[in-house]
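Chain and residue survey
Listed below, chain by chain, are the residues.
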Amino acid sequence: MFEQSISTLAQKLRNKDISSVELTRLFLARIAKLDPQLNSFITVSEQRALEQAAAADALLQSGKGTSLTGIPVAHKDLFCTEGTLTTCGSKMLHNFVPPYESTVTSRIQQAGAVMLGKTNMDEFAMGSSNENSFYGAVRNPWNLDMVPGGSSGGSAAAIAAGLAVTATGTDTGGSIRQPASFCGITGLKPTYGRVSRFGMIAYASSLDQGGPMAKSAEDCAHLMQAMAGFDEKDSTSADKPADDYLANLNAPLTGLKIGLPKEYFGEGLDSKVADVIMAAVKEFEKLGATVKEISLPNLQLSIPSYYVIAPSEASSNLSRFDGVRFGHRCDDPKDLLDMYTRSRAEGFGTEVQKRIMVGTYALSEGYYDAYYLKAQKIRRLIKEDFVKALEEVDVIMGPVAPTTAFGLGSKTSDPVAMYLEDIYTLSVNLAGIPAMSVPAGFADGMPVGLQVMGNYFAEAKLLNIAHQYQQHTDWHLQTPTMAKGA
Amino acid sequence: MNWEVVIGLEIHTQLSTKSKLFSGAAVGFGAEPNTQTTLVDLGMPGALPVFNKEALRMAVMFGHAINAEIGMTSVFARKNYFYPDLPKGYQTSQMDHPIVGKGYLDVMLDDGTTSRVGITRAHLEEDAGKSLHEDFQGMTGIDLNRSSTPLLEIVSEPDIRSAKEAVAYVKMIHSIVTYLGICDGNMAEGSMRCDINLSLRPKGQKEYGTRTEIKNVNSFRFIEKAIYTEIERQADILEDGGRIIQETRLYDPEKNETRSMRSKEDANDYRYFPCPDLLPVVLTQEYVDNIKATLPELPSQKAARFQSEHALSEYDANVLSSSRAMADFFENANNVVKDPKLTANWVMGELSKLLNQEQLDIENSPVNAQAFGELLVRIKDNTINGKTAKDVFQAMWDGEGSADAIIEAKGLKQVTDTGAIEAMIQTILDANAAQVEQYRAADEDKQKKMIGFFVGQVMKASQGKANPGLVNPILAKMLKG
């Protein structure tokens, strides 16, 4: 039951083959049994889940509801959920229970989905391995000694292990796509502005974007259908109607023009990962697509640009965590400055502190032009590269990450190596275009994700491409051994 | 040494929008602490700002009123610093691309001369909350009702050369924003606050001296006094061969002195950068032109019209148009009596006198413009004379009713019956036979001086009600005998 798609489960719920309460209990039991090995949940909201499931059953009884009604989902723990602890993976928010609901979780709730709980993540979404969580590292269901990727590592691991049907994630520099790749699931980072950021705790506001994660592209489309759309509470939200993400899943791919950027296949890319990607591209050719080499010449500059812009915004976004109104406050502050410095030093982990300091430095008087402004100029170049390339081709394909999941602790002492993990994903956020990670095979027993990048607001097209691929392959249907043990 | 003072002003004007600059919370003064707040004003995680378009419209109105370039693309920036009443850890303001660019105002000084003050820019920003230090047993209370209230910060060039000029400039800004209806102008409640940048230099020197900034001065009188005090302080230091320290100072009205708040060395590096939660504000020419076309009449335009339409002197026109409320009062009263000169004299005379005595704004005058006009009608049609009118006005002020009701009740109607006046005069002449003899014996020059005595007696006997226009000729005739 845990391996089934949203469409199948929705049918079963509608046919009363199973109730939402039963389905929810099944997933809660799986979490109780398997999550101690994975640590993918920070909070399991059993009571809320069962109440929502009962409400979903009542709705289904009356013949109403959507395809998500009664489906158990999980939310990354940076979406504020009213009355449910929201930690952002940080000690700073270990006691934060929001009195409000994010637009994304609210829309998913309105579609009738059942919230199982809140998933683990790198603290404040800063990280590529999920080792930067105050609540401990998450393990990869395919190999418990490996990381699940980050920062949405909890959501990815939970889906791969069958602890949730689908989950939300957020992607600032690859945080949906890279864990999706490492855990062998499907993930979509939408166009910047397509999904509301209201109630999503900000890391880097101009890059953050929420998106769906699930086993298949079709399941992602179901979640996206509920998540996407204009929100007047988010000024950067795109004021245009969302597409129907399910309508064109079955469109044929004949004549699809795929671009392969040569910079994505150069030095640093694991040859076994490269083999998997090239095999996937061949599969698309069989489906009627044509392939062409293209160039995204400024790819290398995406890392320095990102690691100036994101920390700069973060240094400001995280100023509100000052111990005054909510979150962690140090014991017995001597004075105001002592309260600020100790609350923040105690509340934030090392990586978060590092990025706040980098960002503070980059925005400082005398350095702003050399760092922040220059990074913004590079950002425009990167965007122009994509715009130009997407005039020639319909989509761009390449690897999501240079390697498969790496060992826990293997890169924690080498931050630059960790940052290089994001080389293929960062530029997409800088440009603001949508991109997916689609399971495309295995290298040494670990999953490999194919990255599919498209033009602005081409989410429906990307989902169609991924869905067609998944109709002809079964990489997305593979289940890790540990998940079968329950 | 002969010092020249150089002053630039930053005026924070609270815009009278219904809701806040970036949230839907109501704006208001005096509500229970933290009751006028939303997630945005509280700086809650995940809360996002949404720009209030009404504040934009008001800022563009102001830009037109000071002949400024309008920023067709303006950008909100974050000014980062930590303070407990700044919930997000940054203030959303505008830095490189303000909504209002370069403009100017021609300021009329007391001596009748005009001086042009350049305005560098005016930008939109959100206000911070308030820290409350009393009633918390050594701790600090935070009230975030004011957080995210819209402000228009108006920055002048260092063009001002005296305390009087500074006050005239601030009064003019006050008058403009209240005319436009974009600020209630209530300085006591903090709707307008002024930062004063001040330096001295030897007369004739081109370079500016080191300046200090006096923060948050909130009345015309304090602005003037703070400037005098700071000029004196700086001059004393410089004349003793000392050096001015660039710093922020606070004016203490009770001690009439400025005190150091923080020096430049302690100043924050605000790390301004464009706010990624808000899009640049891009205006169309049509939007800007529409606002210009619907701009209400401004003080200078009103003064010109008062001169041409009502034949008032330049001085009267300027005084009456200096505040929208006074101009409205004048025009409404004049609509009743249709005598601009009489109305102007009474508004600037008796009305202003009583308002000053009781420290009332014209909006709170106990006698409204309509009732005031009705009083003036009774002067114009000779029902009462000017002197009686002052008594009637005082009675109206004290709430005794309308002009007509008071005149009726107190029997103050002028005596215009010639027979009655003749009888009254005869009684006076009979009672003062000796003076009449003296009068008749005197030459013409002396008679002119003596007639005042008889007029006074008649007016006294008539309790002021005799029409002086009738008394004088009849008296002259009867004295001749």
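Residues numbered from 1 in each chain as written. Chains lettered and ligands numbered in written order. Predicted model: local features only at pLDDT ≥ 70, side-chain atom pairs only at ≥ 80, totals over all residues. Heavy atoms only, no water.

Looking at the overall build of chain B
What counts, and what does not: Think of it this way: any DSSP run of H or I at least four residues long counts as a helix, any run of E at least two long counts as a strand, and we number them from the N terminus. When we talk radius of gyration, it's over C-alpha atoms, and the globule rule is simply 2.2 Å times the number of residues to the 0.38. Each residue gets one of three labels from its accessible area relative to the maximum for its type: buried under 20%, exposed over 50%, partly exposed in between, using a 1.4 Å probe on protein chains only. Residues are treated as being in contact if the distance between any of their heavy atoms lies within 4.5 Å. Surface accessibility follows the Shrake-Rupley procedure with a 1.4 Å probe radius. Residue values consider only the protein chains on display as shielding.
Looking only at helices and strands, chain B features 15 helices and 15 strands. Against the 2.2 N^0.38 benchmark of 23 Å for 481 residues, chain B shows a C-alpha radius of gyration of 30 Å, more extended than a compact globule. Over its C-alpha atoms, taken along the principal directions, chain B stretches across nearly 95 × 55 × 55 Å. Residues counted as buried form 51% of the 481 residues belonging to chain B. A sequence separation of at least 24 residues applies to 68% of the contacts in chain B between residues at least 6 apart. Carbon and sulfur atoms make up 49% of the accessible area of chain B, which totals about 22,900 Å².

Here's the deal with the overall build of chain A
Along its length, chain A carries 16 helices and 11 strands. The C-alpha atoms of chain A give 21 Å as radius of gyration, which agrees with the globular expectation for 486 residues (23 Å, within 12%). Expressed along its principal axes, the backbone C-alpha trace of chain A runs to roughly 65 × 50 × 45 Å. Intrachain contacts of chain A at a sequence separation of at least 6 include 76% that bridge at least 24 residues.

Here's the deal with the packing of helix α5 (residues 299–310) of chain B against helix α7 (residues 324–337) of chain B
For any two helices packed against each other, the geometry is given by the interaxial angle and the distance between the axes. Residue and element names in this part refer to chain B. Quick reminder of the rule: Axis lines are fitted through C-alpha atoms, for helices just across the contact stretch, and the angle between N-to-C directions can take any value from 0 to 180 degrees. Oblique is the label for any angle not under 35 degrees, not over 145, and not in the 65 to 115 range, which are roughly parallel, roughly antiparallel and roughly perpendicular in turn. For any pair of crossing helices, the crossing counts as left-handed if the nearer helix is rotated counterclockwise from the farther one by less than a right angle, and right-handed if it is rotated clockwise. Polar here means any residue other than Ala, Val, Leu, Ile, Met, Phe, Trp, Tyr, Cys and Pro, which are nonpolar, and Asp, Glu, Lys and Arg, which are charged; Gly is therefore polar.
α7 packs onto α5 with a crossing angle of 20° between their chain directions and a minimal axis gap of 12 Å. Considering their axes alone, α5 and α7 lie roughly parallel with respect to each other. Crossing of α5 over α7 shows left-handed handedness. For the pair α5 and α7, contact is made by Lys302, Arg305, Phe306 and His310 and by Ala327, Asp328, Phe330, Glu331 and Asn334, respectively. Of the residues belonging to the contact of α5 with α7, the class tally is 3 nonpolar, 2 polar and 4 charged.

Concerning the side chain of Arg249 of chain B
Residue and element names in this part refer to chain B. Here is the rule we go by: Two N or O atoms form a polar contact when they lie within 3.5 Å of each other; inside protein one atom must be a possible hydrogen donor and the other a possible acceptor, and for residues adjacent in sequence the pair counts only when both atoms belong to side chains.
Here Arg249 lies in strand β12 (residues 247–252). A distance of 2.5 Å separates the side chain of Arg249 from the side chain of Glu247, its partner in a polar contact. Setting aside anything within four residues of it in sequence, one finds Arg249 in contact with Thr212, Glu213, Ile214, Lys215, Glu230, Arg233, Thr258, Arg259, Ser260 and Met261.

Topic: the interface of chain A and chain B
Note the threshold: Here's the idea: put two parts together, see how much 1.4 Å probe accessible area each one loses, and the total over both is what we call buried area. Within this document, salt bridges are pairs made up of a side-chain nitrogen of Lys or Arg and a carboxyl oxygen of Asp or Glu, the two lying within 4 Å of each other.
Across the boundary between the two partners, chain A contributes 38 residues, which contact 30 residues of chain B. Here chain A meets chain B over a buried area of about 2,800 Å², counting both sides, of which 59% is carbon and sulfur. Among the residues chain A hides against chain B, the three largest losses belong to Ser235, Arg320 and Arg325 of chain A. Together they make up 23% of the total. Taking the shortest distance from any N to any O, the salt bridge between Asp277 of chain B and Arg197 of chain A comes out at 3.0 Å. At the surface where chain A touches chain B, the tally comes to 16 residue pairs in polar contact (both at pLDDT 80 or more). Considering every element that reaches the side of chain A that touches chain B, the biggest residue donor is helix α9 (residues 302–317) of chain A, with 5 residues.

Comments concerning unusual backbone geometry
Here the amide bond leading from Gly150 of chain A into Ser151 of chain A is cis, since omega sits at 10°, within 30 degrees of zero. Within the secondary structure layout, Ser151 of chain A lies in the loop between β3 (114–119) and α5 (153–160). Phi is positive for Asn216 of chain B, which is not a glycine, with a value near 55°. Relative to the assigned elements, Asn216 of chain B resides in strand β11 (residues 212–217). For Asn216 of chain B, a relative accessible area of 45% puts it in the partly exposed group.

Things to note about the nonpolar core
What counts, and what does not: What makes a nonpolar core is a set of buried Ala, Val, Leu, Ile, Met, Phe, Trp, Tyr and Cys residues whose side-chain atoms join them at distances within 4.5 Å.
Residues Phe124, Phe284 and Phe386 of chain A together with Phe62, Tyr169, Ile173 and Ile196 of chain B are the most contacted members of the largest nonpolar core, which totals 201 residues. The element contributing the most residues to this core is helix α2 (residues 163–180) of chain B, with 10 residues. One finds Ala327, Trp346, Ala369 and Val392 of chain B within the second-largest nonpolar core, a separate group that totals 37 residues.

Things to note about the sheet that holds strand β14 (residues 273–274) of chain B
By definition, the strands of a sheet pair up through backbone hydrogen bonds, in either a parallel or an antiparallel sense. Keep this limit in mind: Think of it this way: DSSP has to see at least two bridges between two strands before they count as a pair.
Taken together, 3 strands build an open sheet; the order of strands is β4-β3-β14 (chain B) and the sheet is antiparallel. Both outer strands of the open sheet, β4 (90–94) and β14 of chain B, are each paired with one neighbouring strand and no more. In this structure, strand β3 (residues 76–80) of chain B lies alongside β14 of chain B, joined through 2 bridges in antiparallel fashion. What sits directly across from Ala77 of chain B, in β14 of chain B, is Pro274 of chain B. Relative to the sheet, α9 of chain A contacts β3, β4 and β14 of chain B, its axis offset from that of β3 of chain B by approximately 65°.

A look at the state of the cysteines
For clarity, the threshold we go by: Cysteine sulfur atoms are paired as a disulfide whenever they fall within 2.5 Å.
Taken as a whole and judged by the stated rule, the model has 0 disulfides over all chains. Cysteine Cys88 of chain A shares no disulfide, and the gap to the nearest cysteine sulfur, in Cys80 of chain A, comes to 8.0 Å.

Quick look at helix α12 (residues 369–392) of chain A
Applied cut-off: Under the convention used throughout, the expected extent of a helix is 1.5 Å for every residue step, that is, one less than its residue count.
Taking 1.5 Å as the rise per residue, α12 of chain A with 24 residues should run 34 Å; its terminal C-alpha atoms sit 34 Å apart, in good agreement. Those residues of α12 of chain A not exposed but buried are Tyr372, Ala375, Gln376, Ile378, Arg379, Ile382, Asp385, Phe386, Ala389 and Leu390 of chain A.

Some points on the environment of Phe386 of chain A
Residues and elements named next belong to chain A. Positionally, Phe386 belongs in helix α12. C-alpha separation for the pair Phe386 and Leu430, spaced 44 residues apart in sequence, amounts to 10 Å. The residues touching Phe386, leaving out its near neighbours within four places in the chain, are Tyr264, Leu296, Ile396, Ser427, Val428, Ala431, Ile433 and Met453.

Examining the sheet that holds strand β1 (residues 3–14) of chain B
Residues and elements named next belong to chain B. Strand order in this open sheet of 8 strands is β5-β6-β9-β1-β10-β11-β12-β13, and the pairing throughout is mixed. Each of the sheet's edge strands pairs with one partner strand only, and the pair in question is β5 (103–108) and β13 (257–263). Direction aside, neighbouring strands of the sheet carry axes that sit 30° apart on average. Examined bridge by bridge, β1 and strand β9 (residues 150–156) share 5 bridges and lie antiparallel to one another. Of the residues in β9, the one forming a bridge with Thr13 is Leu152.

Remarks on the packing of aromatic side chains
All names here are of chain A. Using the following cut-off: Stacked, edge-to-face and tilted are the three classes for Phe, Tyr and Trp ring pairs, Trp counted by its six-membered ring, which pair at centre distances within 6.5 Å; planes under 30 degrees apart are stacked, over 60 edge-to-face, the rest tilted. Charge over a ring is defined by NZ of Lys or CZ of Arg lying within 6 Å of the ring centre and within 35 degrees of the ring normal.
Evaluation of the coordinates by the stated rule reveals 33 aromatic pairs over all chains. Residues Tyr264 and Tyr424 carry aromatic rings whose centres are separated by 5.0 Å and whose planes lie at 25° to one another, so their mutual orientation is stacked. Within this pair, whereas Tyr264 is found in the loop between β7 (257–261) and α8 (271–286), its partner Tyr424 is found in the loop between α13 (415–420) and α14 (426–431), the two being separated by 160 residues in sequence. Considering the side-chain rings of Phe284 and Tyr469, the 5.1 Å spacing of their centres and the 15° angle between planes classify their relative orientation as stacked. Linking Phe284 in helix α8 with Tyr469 in helix α15 (residues 459–472), this pair joins segments that are 185 residues apart in sequence. You can call Phe284 buried: its relative accessible area is 1%. Put simply, the rings of Phe96, Phe124, Phe321, Phe326 and Phe348 touch in pairs and so form one group of aromatic residues. Across the ring face of Phe406, the terminal group of Lys411 is positioned such that the distance to the ring centre comes to 4.5 Å.

On their own, these measurements won't tell you what the molecule is for.
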